[in-house]
Structure formats: C-alpha cells, structure tokens
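The residues making up each chain are set out below.
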Amino acid sequence: MTTTSKKVGFISLGCPKALVDSERILTQLRIEGYDIVPSYENADVVVVNTCGFIDSAKRESLEAIGEALRENGRVIVTGCMGKNADEIRSVHPSVLSVTGPHAYEEVVSAVHDVIPPPTDHDPFIDLVPPQGIKLTPRHYAYLKISEGCNHRCTFCIIPSLRGDLVSRPVGDVMEEAERLVNAGVRELLVISQDTSAYGVDIKYRTGFWNGSPIKANMQGLCEALAHLGVWVRLHYVYPYPHVDNVIPLMADGLILPYLDIPFQHASSRILKLMKRPAASENTLARIKSWRSICPELTLRSTFIVGFPGETAAEFDELLGFLQEAQLDRVGCFKYSAVAGAKANELPDHVAEELKQERWERFMAVQQEISSSRLQAKVGQKIDIIIDEVADDQAIGRSMADAPDIDGLVYLSQPEGLSVGDIVTARITHADDYDLFA
Ligand code: SF4
C-alpha cells in the first residue's frame, strides 16, 4: 500500500435517495484511487451528506458538520440541507463548500481541490482512461470489484503500490450495483486489476444479495449482475479456462458480448519474460471457441511493442497473431520503463526508433482489421446506448463500444431521444473508428 494514499472520510445521513448520492460519490472517489476511511483523524478531508427533511434531521446534520469540523477541520457539505447554504454557513462559516443533492461533480471537484487526484495518467497501471477522471455520466458507471493484484508482471508496479488482490464481498458489490441502477445507471463497467481472478483471495466465499446466495467468482457475479437488467461490460479479463463459463451468458444476452483482455503480446517467450497471467494458454484456440459459442463477441485488447529483448521474429509473430485473432479494438503502447518495474533490469532493450517503427507497423495491420470489422456492420440493425443528444444528431455507443476507449455511433435522427436510452438503429456507413446510423 502506498504511503501517499489520499484519504476521505464520509458521513452519510438521511433517506435511501441520499444514500444513492453517497454511493455515487464514493464510487467515483474509489475509482480515482482515494481511500475511504472510517475515522476523522486519518482523513485528509471529510464529506458530510446532509438531510434537511425535518427539523430534527437538520439539527442532526448541523451537529455532524460541527463534529467533523472539530475533529478534522476540512469539511465538504452536500445533500438536501445544502440547498440552504446560508443556514449552514451562518452556523459553520469554515466549511469548504456547500452543495445540494445530486451534486456529484461538485463534491468530487471540491475533494480534488483539497487533495488533488493523480494527474500523471499511466496507461500501464490505471484502470480508467484519463477522461474517466471526471465523474462518469449518470447513465453509466464503473463498478470496482477488487483492489490489488496477485500477479507480478515485470512491466507493472501495481502490486507494489496496491498490494495483493483483495476482492470486495459479492453482496457489497451487488448492493452498490443495485444502488447505481436505482440512480439511473443503464450500463455497468466492471473493473479491477484482474477481473477473472475475482474471489480467489476470499476462497470464492458465497455471499448474499436480496436473500439469494451468490458465489464470489466471475461467473457468479456476472449471473447476479444480469438480474439488474442493464448492460454489463467486463474489463481486464485474462484468458483463463474458467472465462469460458461467462461466454454462454453473453450468447444468451445476459451480459454484453464484450471482453476487454489485455493480451500484451503473442510470443510465449516474451509473455514469460513479462510474467503474464495465463501466458501458457492457447489463446487463438480459445478465441475461436468463444466465437463459435457467441459469434457477436467483441474483443478489445492492448499490446506492448518493443519489450526488452523482443526480436524481429517475435514481433512478426505478434503481427501474425493479430491477423489470426481478428480483434475488434486494439490499443498499442511502446514499452516504456516504469520506475521500479522488474522489466527494466532485463537485457537487450529495444532502441526507441525501432519501437516507433514496430508501433507503426502494428497499428497499420490492426487498423485494417478494425476497420474491415466495422465495415461488416453496415446494413445491420444494432442496439445503441445514447450518450449525448444535440439538435441535429445524437451520439451513442453500440454493445461493442466501451466509453472513452472504443468508437462511437452517430445517429442522424435524434428526435425523441434522451441520454441513457437504448435504441435500435440501422448502420448506414462506417469509417475507420466510428459508425453512422
Ligand atoms: S495482472 Fe500484471 S499488469 Fe495487471 S495489475 Fe497485475 S501485475 Fe499489473
């Protein structure tokens, strides 16, 4: 665990609606890497979500703010009573900010003012894209199911920063997911450092949600999330054999037919040097069998080119893998040394110009594959979740597109559409990245 972790105390008062607000704010803070702590003395700042429904609730809210100021001193106030900022400030003039209910963005930005979020986005270690640092729109939300990682990939310093895998109890995850859905979320993005390892540290201990038992593993969690009736998208999955168990759920339309699997390379020697999980699995055979069960499966992945010791032949093997695997969406990074990562000690680092050349060749191969896979969608009718609506067009995403990292679908007839709607539209054309409907 890092010694520079940023700690937020949180007091949530009031009704279930206020609790939903608290949950949204807490989810976002956790995603951004803040720790939520249960005591005043360990917190860098305290958020008080107030209730202003009746006089006794107001009194309780003012007392809670007073106590937080006495015990900690840095206090952000939000919630129903925050609508009456003057009343709060007249009693407690030193509070840092006051906002009303559903003011997620303002509360998170007030926390940023006291303890800034990480600004140096690192694509090797950060779970959410740089754009994800803002509060996610209300119709989709990230659902973090575990923290830390049991692997020791040689290019990664996550385990030394965040420790070994700690899975959240499955009942807690489901309660958070349910609250998000009750607050209007239509798409849940399941994230962790290793989603396929979910539950291994808690021995897949059965948890309960609404009185029903749920096994704390990836399949059990996916089956339970499917009951919420929203889009469920899986990120950071490794190609272990048990991943096969969630493919039928995708084929049955219970969770999105989408897997974000960071393969990172195709050469078994490089994968071993990287110490990648599931490095010995026959990935191409596995992809083939997944597609035979669920032909509409979208595969997104990331790769590293120019890893220390990568030979021309190994790089060619990677290009061959791309041709065979026909992945839908791919990100590619040139290897860069992260301070403290074991891979830095490996011999035969690849020259920068060669990394650049390999990156360009890689992108050229993949771009052709991605765009021909998009072209194949022209003429099809597909489901689209709406992210933005303007006068002359709406912008959404298909099941194949995760927010911020994949493509968009531009709809030419926005009449009657609202953000968060899921509609069916016919694809009229495609460019290299996006679809038009
Ligand atoms: S699986 Fe590897 S790359 Fe991912 S967090 Fe764990 S050690 Fe890092």
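The structure displayed is predicted, hence computed values, not measured ones.

Draft legend 1. Region of interest: the overall build of the chain. Across its full length, the chain carries 12 helices and 21 strands. Its C-alpha radius of gyration of 23 Å places the chain within 12% of the 22 Å reference for a compact globule of 437 residues. When its C-alpha atoms are laid out on the principal axes, the chain stretches across 70 × 55 × 45 Å. A burial count over the chain gives 55% of its 437 residues as buried. The long-range fraction of contacts in the chain, counting pairs at least 24 apart against all pairs at least 6 apart in sequence, stands at 73%. For the chain, the computed accessible surface area is about 19100 Å², with 52% contributed by carbon and sulfur atoms. Side chains of the chain give 42 positive and 60 negative charges; the mean places of these two sets differ by 3 Å.

Draft legend 2. Region of the structure containing a negative patch on the surface. On the surface, Glu-41, Glu-60, Glu-63, Glu-67 and Glu-71 cluster together into a negatively charged patch. Examined against the element boundaries, Glu-41 turns out to sit in the loop between strand S2 (34-37) and strand S3 (45-50).

Draft legend 3. Region of the structure containing helix H7 (residues 218-226). The element H7 is largely enclosed, with a buried count of 7 among its 9 residues. Of all the residues in H7, the buried ones are Met-218, Gly-220, Leu-221, Cys-222, Ala-224, Leu-225 and Ala-226.

Draft legend 4. Quick peek at the pairing of strand S14 (residues 298-305). For S14, the buried fraction is high: 8 of the 8 residues fall into the buried class. Burial along S14 is two-sided: Thr-298, Arg-300, Thr-302 and Ile-304 and Leu-299, Ser-301, Phe-303 and Val-305, pointing in opposite directions, are all buried. Bridge analysis of strand S13 (residues 258-260) against S14 gives 3 bridges, and the strand direction is parallel. Looking at the pairing, Tyr-258 lines up with Thr-298 of S14. Alignment of S14 against strand S15 (residues 329-334), held across 6 bridges, turns out to be parallel. Looking across to S15, one finds that Ile-304 is bridged to Phe-333. Between S14 and its parallel partner S15, the chain crosses via helix H11 (residues 312-325), and the hand of that crossover is right-handed.

Draft legend 5. How the structure looks around the sheet that holds strand S17 (residues 394-398). The 6 strands are arranged S19-S16-S17-S18-S21-S20 in an open sheet whose pairing can be described as mixed. Each having just a single partner strand, strand S19 (422-426) and strand S20 (429-430) make up the two edges of the open sheet. Pairing between strand S18 (residues 409-411) and strand S21 (residues 435-436): 2 bridges, direction parallel. Of the residues in S21, the one forming a bridge with Tyr-410 is Phe-436.

Draft legend 6. Inspection of the site of the ligand at higher detail. Surrounding the ligand, one finds Cys-149, His-151, Cys-153, Phe-155, Cys-156, Ile-158, Pro-159, Gln-193, Tyr-238 and Arg-276. Counted by class, the shell around the ligand contains 7 nonpolar, 2 polar and 1 charged residues.

Draft legend 7. Up close: the packing of aromatic side chains. All chains considered together, the criterion is met by 6 aromatic pairs. When the ring of Phe-303 is compared with that of Phe-362, the centres are 5.5 Å apart and the planes differ by 50°; the resulting orientation is tilted. Of this pair, Phe-303 sits in strand S14 while Phe-362 sits in helix H12 (residues 352-375), and the two are 59 residues apart along the sequence. You'll find Phe-303 and Phe-362 in the same group, each marked buried. Taken together, a centroid distance of 5.3 Å and an interplanar angle of 80° make the contact between Phe-307 and Tyr-335 edge-to-face. Of the two residues, Phe-307 is situated in the loop between S14 and H11 and Tyr-335 in the loop between S15 and H12; the sequence distance between them amounts to 28 residues. Judged by relative accessible area, Tyr-335 falls into the buried class, the value being 3%.

Draft legend 8. Fine view of empty space enclosed by the protein. What the rule picks out here adds up to 1 cavity of 30 Å³ or more. Of the volumes computed, that of the largest cavity is approximately 80 Å³. Taken together, Thr-298, Asp-328, Arg-329, Ser-370, Arg-373, Leu-374, Lys-377, Ser-398, Ala-400, Asp-401 and Leu-435 make up the full set of residues lining the largest cavity. For the lining of the largest cavity, the element with the most residues is H12, which contributes 3 residues. Looking at the lining of the largest cavity, its residues break down into 3 nonpolar, 3 polar and 5 charged.

Draft legend 9. A look at the nonpolar core. Counting 60 residues, the largest nonpolar core has Leu-225, Leu-234, Leu-259, Leu-327 and Phe-362 as its most contacted members. Once residues within four sequence positions are removed from consideration, Leu-234 is found in contact with Val-190, Met-218, Cys-222, Val-246, Met-250, Ile-255, Tyr-258, Leu-259 and Asp-260. Counting residues in each nonpolar core, the second largest holds 18 residues, with Ile-65, Val-77, Val-95 and Val-98 among its members.

Here is what the cut-offs are and how they apply
Note on numbering: residues in each chain are counted from 1, in written sequence order. For a predicted model such as this one, the threshold for reporting local features is a pLDDT of at least 70, and the threshold for listing and counting side-chain atom pairs is 80 or more; totals across whole chains, interfaces and linings nevertheless cover every residue. Only hydrogens and water are removed before side-chain values are computed, so all heavy atoms of the structure are retained for them. Numbering goes from the N terminus for both helices and strands, where a helix is a DSSP run of H or I of at least four residues and a strand is a run of E of at least two. Throughout, the radius of gyration refers to the C-alpha atoms, and the reference size of a globule is 2.2 Å times the residue count to the power 0.38. Buried residues are those whose accessible area, probed at 1.4 Å on protein chains only, stays under 20% of the maximum for their type, while exposed residues exceed 50% and partly exposed ones sit between those limits. Contacts between residues were defined by any pair of non-hydrogen atoms, one from each residue, lying within 4.5 Å. Per-residue and other accessible areas follow the Shrake-Rupley method at a 1.4 Å probe size, with only the shown protein chains counted as cover for residues. Positive charges are assigned to Lys and Arg, negative charges to Asp and Glu, while His and the chain termini are left out of the count. Charge positions are represented by NZ for Lys, CZ for Arg, CG for Asp and CD for Glu. The patch calculation keeps residues exceeding 30% relative accessible area without a salt bridge and links them within 9 Å when they carry like charges or within 5 Å when they are nonpolar (Val, Leu, Ile, Met, Phe, Trp, Tyr). Should a side-chain nitrogen of Lys or Arg be within 4 Å of a carboxyl oxygen of Asp or Glu, the pair is scored as a salt bridge. Criterion used throughout: strands pair if DSSP finds at least two bridges between them. Here is how to tell: hold the view so the strands point away, follow the path from the first strand over the helix to the second, and if it runs clockwise the crossover is right-handed. The near set for a molecule or strand comprises every residue that places at least one heavy atom within 4 Å of it. The nonpolar class holds Ala, Val, Leu, Ile, Met, Phe, Trp, Tyr, Cys and Pro. Asp, Glu, Lys and Arg form the charged class, and all remaining residues, Gly among them, are polar. For Phe, Tyr and Trp, rings pair up if their centres lie within 6.5 Å, where Trp contributes its six-membered ring, and each pair is then called stacked (planes under 30 degrees apart), edge-to-face (over 60) or tilted (otherwise). Method remark: on a 1 Å grid restricted to protein atoms, a set of points is classed as a cavity if a 1.4 Å probe fits but cannot get out and as a pocket if it is open with protein on both sides within 12 Å along at least five of seven lines; lining residues have an atom within 4 Å of a point. Grid points are joined across faces, edges and corners, and a volume is the space filled by probe spheres set on the points. Side-chain atoms within 4.5 Å are what join buried Ala, Val, Leu, Ile, Met, Phe, Trp, Tyr and Cys residues into a set we call a nonpolar core.

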